Amino acid sequence: MSEDCRIGVYICNCGTNIAKVVNAEWVSAQVSGLPNVVCAHAYKYMCSNPGQELITRDIREQRLDRVVVAASSPRMHEPTFRKALEAAGLNPYLLEMANIREQCSWVHDDPRAASAKAADLTHAAIRRVRHHKPLEKREANYTPATLVLGGGIAGLTAAVELAEANQQVFLVERETRLGGNVGRADLTAPYLDSARDILTEKISRAKDSPRIEILTGTELVDLQGFVGNFRATVKSAAGDERELPVGAVLVCTGYQEFDATRIERLGYGRYPDVITSFELEKRLAEGRLETDDGRVPRYVSIVHCVGSRNPRYHPYCSRVCCMTALKYGHEIKSALPAATVTDIYVDMLSFGKGGEDLYRRTSELKTMFLMYEKGDPPRVRPAERGDDCGLLVQVNERLSGEIIDVPADLVVLMVGMEARSDSDEVARITGISRDPQGWFIESHPKLAPVSTATEGVYIAGCCQSPKDIPDSVAQARAAAAMVLAHVARGRIEIDARFAEVDDDLCSGCRMCNELCPYTAISFDAERRRSSVESALCKACGTCVAACPSGALSARHFTDDQIFDQIEGVLAWSSNR
Amino acid sequence: MEFEPVIVGFLCNWCSYTGADLAGTARIKHAPNLRTIRVMCSGRVDPTFVLKAFAAGADGVLVCGCHPGDCHYIEGNYKAMRRFELLKRMVAGYGIDERRLRLEWVSASEGERFARLVDEMTADLRRLGPCELAPTLVPWQSDLGTLAGEAAAAEREVTHG
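Residues numbered from 1 in each chain as written. Chains lettered and ligands numbered in written order. Predicted model: local features only at pLDDT ≥ 70, side-chain atom pairs only at ≥ 80, totals over all residues.

1. Concerning the overall build of chain B
The helix and strand tally for chain B stands at five helices and four strands. Helices and strands in chain B line up, N terminus first, as β-α-β-α-β-α-β-α-α. (Helix = DSSP H or I, 4+ residues; strand = E, 2+ residues; numbered from the N terminus.)

Structure below.
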C-alpha cells in the first residue's frame, strides 16, 4: 500500500439522477477526513468537460496520485475517467469508481439509506485505491481478417462492406445457400420492392469479391484467442475442420420463425388452407395465389401476432409482421381484385418511415380490420355445409364486443420471430450473453448497440432482436465500421490486468495448472514453478483464489485491494 | 428502530454486476442493504473474502455469478460453486447460520431477479438479526495475520536462507 498517497475524491450529482436521492455534499463531507484524502468535491456532472477538468487540475495543482470518482457504473464511465487521469499524466489504473447511480440512486427511494450506502461505497473505493499500482497496457498485432457468421442480409452487407475496404472476409453460412430469411420473401414493405433484387445485388458482389471467401454448409465449432487474434475453427458438412485466423467476429445469425402448431386453435398443420406468412411468400413469388387444392381464394384472412405479444409464447413484438401483413393486402388485392381480405390484429404497429402511409393505402383498398384481444387468438374451424367458403375464423372482436365468424378460403398466420434454436450454442462459442428470450445482448442498448461483452465480437441483425431490413443493414454496416476502426489503428491495446506468479512464493503444487480454462499457466519442471503467459490470461482470477501459497496475484484485483474494500464498505455500518 | 442488516456482495463483472446495473437503468427498486464489490469472475472469490466480510461485521454475504454454462471465462462459476460447498461447511463451523451466505446466478438481463434476490436476502437477515458471531472471528482474523507473517518469514528463510 502506498502510505503517503494523495487521493482526490469526486462525487457526481449526475444532474438530479444521483442528487435526487443521494446527498452528494454530505457524502463528500463524510469522506473528506479519511486518511490520504487530499480533497473531496461534489459536482453537477463529473463526466462533462468541466468535471473532468476539475480532476486534471487537482492532479496537477494538488499533486494527486490517486483518484476516486463516485458516479455512474464503471461499466459506463470508467474509460472516460481513465482518459482524464491520462490527460493529467497519471497512470489510468490509479482510478477507482464507486457506483452510486445504477446501483444506488436509481434503485433506492430513502435518501438517508441511499446516502449512507453511497458513502460506504465511496469509502471502500478510497480504501481500495490506496493499493492501486500503475499498470502498463500491453499491445498486440491485429489480424486483418474478419469472420462473418451468417449469410443473411446482415452478414452479406457486413462482408461486402469490409471487402470493399480491402479486408479479407470469411463468410460462414450453416445453410447451403446465401440469403437467409430475406431470401424467402417476395416483396418488401413498405415500398413493395423485390426482396430478390435487394439480395441478388449483395450476393453477386460477395461472390465476385476476391476478398470474400464464402463457406456455405459450414459452421463455427470453436473460437479461441482474443480481439485481433482469434482462431476460429469451422467445420464443413463433410466434417472437414479448418482453422481461420481472424481479428474480429461478426455474428449475424438471424432468427427463426415461430412454430404455429404451438397455438392449436389456429388449426395450422390440421387444415391445409391455414398457412404461414413464409408459405404465402413462396406462393406469391411463384405467382400461384391459390388454395391447397388449386382454387382461387375468395376470402383471405390474415391473423397478426402469431406467437408475438402473447405472454404464453413471446412477450415481445416481432416488428415486421404488421407491415408485412399490410403488404399482403396489396399483393392479394392486385392479384385478385375481387377477393375479400380481412386483417385480424391486436394493435396496428405501423411504425417507421413509410409505415403509416402503407397502412392508409391498405385501408383504402377496402380490406377489413378486426381487432382481437391479446392472448385470445382467433379459432379456425371448417366451414359448414351451405357456407361459400372453406374455413371459418371465429374472432372475439374487441371494438364491437361481439363474436364474429369470418369466412376464409385461405388463412395466413403472421408468424413472429424467435431466437434460433442453436443460439445457445453460438452464444457459448462466441462468448455472447443472451436475454431470457434467447436474443443476443449488446454492450449498451443505446450507446454500443453492436458490441458485445467480448471485445472483437460484434452482433448485427435479428440475432440481437427482431428488426426489419433497414435496421439490420444499418447494424451490419455499423459493425463493419467497428472492425475497420480496429484495422485503422493497426494494433490492439490489451487490458493491463492479468494474473502473475511470485516465484519466491510458488510451491510448485500445480493446483492452478488445471484450473485455467485458457491454458495460460505452464509448469517448469526443472525449477518446479508455475508461470502465467500474460497474453493468454484473461484475468478471471480463478487461479488466484485457489493458490494455497498466495503466490498468484491478480493485477488490479489483488487480495489486499479487495480486503481493504471489504473493510471500507463495512467500516461505518456499526455506527449507524 | 428496526434492525437493518448489511450484506456484502461479490458480483462478477460480466453477468451479475451488469444485471445489477440493469436493475438501475430499469429503475427496479430494492432494499439498500447490499454493498457490492465487483470482481471479474465469481471464480475470483477467495473463501477468505467471505470470512473477512463476516469478520468485519457483515450480516450476510452474497456471491453472484453467471448462470452455469454462461460464464464469460468458460467455467469460473463452476469453480466458484465447488469452492462454495466447502466454504458453506466452514462458515457453519464458525457458528454462522447458513442462510447468511448465498451463491446465486444472475445473468446480465436479470435486473428484476437481482432486485428480488436482494429484497429476499435482506428480509431473511432482518428476521435472523445481527450476525452476533462476528466477535468469534476476530481472534481468527488476528490468528490469520500472525500465521501469514510466520509463513512469509519461513518462506524468506527457505528461499534466501
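This is not the end of the story, as more comes after the structure.
2. Comments concerning the overall build of chain A
The secondary structure content of chain A amounts to 15 helices and 30 strands. For chain A, the spread of C-alpha atoms along the principal axes amounts to about 95 × 60 × 40 Å. Burial status across chain A gives 49% buried among its 576 residues. When contacts within chain A are restricted to residue pairs at least 6 apart in sequence, long-range pairs at least 24 apart make up 70% of them. (Buried ≥ 20, exposed ≤ 12 C-beta atoms within 10 Å, placed from the backbone. Contact = placed C-beta atoms within 7 Å.)

3. Remarks on the interface of chain B and chain A
Taken residue by residue, the interface counts 45 residues in chain B and 45 residues in chain A. Elements supplying a minimum of two residues to the side of chain B that touches chain A: helix H1 (16–25), strand E2 (34–39), helix H2 (47–55), helix H3 (76–93) and helix H5 (134–160) of chain B. Ranked by residue count, the leading element in the side of chain B that touches chain A is H1 of chain B, at six residues. Class assignment of the residues belonging to the side of chain B that touches chain A gives a composition of 21 nonpolar, 13 polar and eleven charged. (Nonpolar A, V, L, I, M, F, W, Y, C, P; charged D, E, K, R; others polar.)

4. Considerations on the nonpolar core
Residues and elements named next belong to chain A. Judged by nonpolar contacts, the single largest core of 180 residues is most densely connected at Ala 70 and Val 251. The element best represented in this core is helix H5 (residues 111–129), accounting for nine residues. Each residue touching Ala 70, except ones within four places of it in the same chain, is listed here: Ile 11, Cys 12, Val 27, Ala 98, Ile 100, Ala 118, Leu 121, Thr 122 and Ala 125. (Core = buried A, V, L, I, M, F, W, Y, C linked by C-beta atoms within 7 Å.)

5. Here's the deal with unusual backbone geometry
All names here are of chain A. With omega at -5°, the peptide bond leading from Ala 189 into Pro 190 counts as cis. Structurally, the position occupied by Pro 190 is in the loop between strand E8 (187–188) and strand E9 (193–194). Positive phi values are uncommon outside glycine, yet Arg 309 reaches one of about 50°. Judged by the 20 C-beta atoms lying within 10 Å of it, Arg 309 falls in the buried class. One non-glycine residue, His 556, lies in the positive phi region at around 75°. Mapped onto the secondary structure, His 556 falls in the loop between strand E30 (552–554) and helix H15 (559–570).

6. Here's the deal with the packing of helix H9 (residues 321–335) of chain A against helix H10 (residues 355–364) of chain A
When two helices pack together, their arrangement is given by the angle between their axes and by how far apart the axes lie. Residue and element names in this part refer to chain A. Between H9 and H10, the shortest axis-to-axis distance is 9 Å and the interhelical angle comes to 35°. Here the hand of the crossing between H9 and H10 comes out left-handed. Every residue of H10 that contacts H9 at Met 323, Leu 326, Gly 329 and His 330 is listed here: Gly 355, Leu 358, Tyr 359 and Thr 362. Split by residue class, the contact of H9 with H10 holds four nonpolar, four polar and no charged. (Axes fitted to C-alpha atoms, helices over the stretch in contact; angles between N-to-C directions. Left-handed = near helix turned anticlockwise from the far one by under 90°.)

7. Some details on the sheet that holds strand E1 (residues 7–12) of chain B
Pairing between sheet strands relies on hydrogen bonds along the backbone, with the strands arranged either parallel or antiparallel. Residues and elements named next belong to chain B. In spatial order, the strands read E2-E1-E3-E4; together these four strands make up an open sheet with parallel pairing. Looking at the sheet topology across the chains shown, the edges are occupied by E2 and strand E4 (101–105). Between one strand axis and the next, the sheet turns by 20° as a mean value, whatever way the strands run. Relative to E2, E1 runs parallel, the two sharing six bridges. In the sheet register, Val 8 faces E2, and the bridge partner there is Arg 35. (Pairing = 2+ DSSP bridges.)

8. A short note on the packing of helix H6 (residues 153–164) of chain A against helix H7 (residues 195–208) of chain A
Residue and element names in this part refer to chain A. Remark: H6 packs on H7, axes separated minimally by 9 Å, with the N-to-C direction vectors making an angle of 45°. One finds that H6 runs oblique with respect to H7. Crossing geometry of H6 relative to H7 is assigned as left-handed. Residues Ile 153, Leu 156, Thr 157, Ala 159 and Val 160 of H6 touch H7, and the partners they reach there are Leu 199, Lys 202, Ile 203, Arg 205 and Ala 206. (Parallel < 35°, antiparallel > 145°, perpendicular 65-115°, else oblique.)

9. Structural notes on H6 of chain A
Residues and elements named next belong to chain A. Between the first and last C-alpha of H6 there are 16 Å, a value that for twelve residues agrees with the 16 Å anticipated at 1.5 Å per step. Of all the twelve residues making up H6, eleven are buried; the element is thus mostly covered by neighbouring parts of the structure. Those residues of H6 that sit buried are Ile 153, Ala 154, Gly 155, Leu 156, Thr 157, Ala 158, Ala 159, Val 160, Glu 161, Leu 162 and Ala 163. Taken together, the buried residues of H6 touch strand E6 (145–149), strand E7 (168–173), H7, strand E10 (212–216), strand E14 (248–251) and helix H12 (469–489). (Expected span 1.5 Å × (residues − 1).)

10. Some points on the sheet that holds E7 of chain A
Residues and elements named next belong to chain A. Within the open sheet, the five strands sit side by side as E10-E7-E6-E14-E25. Their pairing is parallel. Edge strands, defined here as strands with exactly one partner in the open sheet, are E10 and strand E25 (457–459). Neighbouring strand axes in the sheet, compared pairwise and without regard to direction, differ in orientation by 20° on average. In terms of strand pairing, E6 meets E7 through five bridges, oriented parallel. Looking at the pairing, Val 148 lines up with Leu 171 of E7.

11. Section: the pairing of strand E12 (residues 229–236) of chain A
Residues and elements named next belong to chain A. In the sheet, strand E11 (residues 218–226) pairs with E12 via eight bridges, with the strands oriented antiparallel. Residue pairing for E12: Gly 225 is matched across the bridge by Phe 230. Linkage of E11 to E12, two consecutive antiparallel strands, is achieved through a turn of two residues, within which Gly 228 is found at a positive phi near 85°. As judged from the six bridges shared by E12 and strand E13 (residues 241–246), these two strands associate in the antiparallel manner. In the sheet register, Ala 232 faces E13, and the bridge partner there is Leu 244.

12. As for the environment of Val 9 of chain A
Residue and element names in this part refer to chain A. Mapped onto the elements of the fold, Val 9 is located in strand E1 (residues 7–12). By C-beta crowding, Val 9 is classed as buried, having 30 other C-beta atoms within 10 Å. Through-space distance from the C-alpha of Val 9 to that of Ala 70 is 7.7 Å; in sequence the pair is 61 residues apart. Setting aside residues no more than four positions away along its own chain, Val 9 makes contact with Val 31, Val 37, Ala 40, Val 68, Thr 122 and Ile 126.

13. A word on the pairing of E7 of chain A
Residue and element names in this part refer to chain A. Of all the six residues making up E7, five are buried; the element is thus mostly covered by neighbouring parts of the structure. A crossover connection joins E6 to the parallel E7 through H6; in handedness this β-α-β unit is right-handed. Pairing of E7 with E10 involves five bridges; the strand directions are parallel. Paired with Leu 171 across the two strands is Ile 214, which belongs to E10. (Right-handed = clockwise from strand over helix to strand, strands pointing away.)

14. A word on the environment of Arg 177 of chain A
Residue and element names in this part refer to chain A. By the element assignment, Arg 177 lies in the loop between E7 and E8. Residue Arg 177 is classed as exposed on the basis of its 11 C-beta neighbours within 10 Å. Measuring from C-alpha to C-alpha, the distance between Arg 177 and Gly 217 comes to 7.8 Å, with 40 residues separating the pair along the chain.

15. A few points about the confidence of the model for chain B
When pLDDT is averaged along chain B, the result is 88; 81% of the residues meet or exceed 70. What the predictor reports for the complex is a pTM of 0.79 with an ipTM of 0.88. (pLDDT = per-residue confidence, 0-100.)

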